[in-house]
Amino acid sequence: MKIGIIGAGNIGGNLTRRLTALGHDVSVANSRGPETLTELAKETGATPVRVEEAARGAEIVVVTIPLKAIPDLPAGVLDGATPDVAVIDTGNYYPQRDGRIAPILDEGLTESAWTAGYLGHTVIKAFNGTYAQDILDRPRPAGAPDRQALPVAGDDETAKAKVRALIDELGFDTVDAGTLADSWRQQPGTPVYGLRGGADEVRKALSEASPERPADFRG
């Protein structure tokens, strides 16, 4: 598949490494420009591009940047993607880093729903509670007893299925965590956030989540 990655930090960089190794055609962008991605491109074979070009022709686009940077993305950042593009949002809201975002804090909007509003396209929330190094170190074959599972939430069932298939290819199980309105169950401070468990453990953790945002994440 052609995959665009916006953000070349820990998650974005390691997804670039794994997805290129699996044979996908990856374009990667960051806020500092393609000339700063020379080493990653040399290591992986990914194509460094400007943010405006990352989604061009992509079947999957991964947005993996700080939440506070979402409003700074260029208008039409997803223009040129395939009509059925699945957009993965790995983001989390950390008030100390991102400042006060009233729709999230006061209106109860989930982080990924807020991001989807800015992008003008629905998203699939995944990888937001995954340790970046685990993307490299913890893939396991299907059926392995120690295979880690990741929660995946979203409103578009076709896009969600595409993302879950990609995660399976990366070496992880998935658990359907519901819609974007349900995605608070995997936000920071919930039992599933950072959990290195199997599918049953992830389902249990999702069911134990509280809708009340922990004090550290209220801003």
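The preceding data block contains the structure.
K.L.:
Pulling in residues and values, what's your account of helix H5 (residues 111-119)?
P.N.:
Buried within H5 are the following residues: Glu111, Ser112, Trp114, Thr115, Ala116 and Leu119. Considering only its buried residues, H5 is in contact with strand S4 (60-63), strand S5 (86-89), helix H4 (102-105) and strand S6 (124-125). Following H5 by one or two positions, Gly120 has its phi on the positive side, about 70°.

K.L.:
Lay out helix H1 (residues 10-21) in plain terms, naming residues and giving numbers.
P.N.:
Taking 1.5 Å per residue, 12 residues should reach 16 Å; H1 reaches 17 Å between its end C-alpha atoms and fits that length. Most of H1 is tucked away: 9 of the 12 residues are buried. Listing the buried residues of H1 in full gives Ile11, Gly12, Gly13, Asn14, Leu15, Thr16, Arg18, Leu19 and Thr20. In the core, the buried residues of H1 are packed alongside strand S1 (2-6), strand S2 (25-29), helix H2 (38-44), S4, helix H6 (132-137) and helix H7 (157-170). Backbone geometry just after H1 places Gly23 at a positive phi near 100°.

K.L.:
So what's going on with the pairing of S2? Which residues, and what values?
P.N.:
The element S2 is extensively covered by neighbouring structure, given that 4 of its 5 residues are classed as buried. Sheet analysis places S1 next to S2, joined by 5 bridges and oriented parallel. The residue bridging Ile6 from the neighbouring strand is Ala29, located in S2. Running through H1, the crossover from S1 to the neighbouring parallel element S2 is right-handed. Inspection of the sheet shows S2 paired to strand S3 (residues 47-48) by 2 bridges, in the parallel sense. By the bridge assignment for S3, Ser27 is matched with Thr47. Following the chain from S2 across H2 to the adjacent parallel S3, one finds a crossover that is right-handed.

Cut-offs and rules
- Residues numbered from 1 in each chain as written.
- Predicted model: local features only at pLDDT ≥ 70, side-chain atom pairs only at ≥ 80, totals over all residues.
- Heavy atoms only, no water.
- Buried < 20%, exposed > 50% of the residue type's maximum accessible area, 1.4 Å probe, protein only.
- Helix = DSSP H or I, 4+ residues; strand = E, 2+ residues; numbered from the N terminus.
- Contact = heavy atoms within 4.5 Å.
- Expected span 1.5 Å × (residues − 1).
- Pairing = 2+ DSSP bridges.
- Right-handed = clockwise from strand over helix to strand, strands pointing away.

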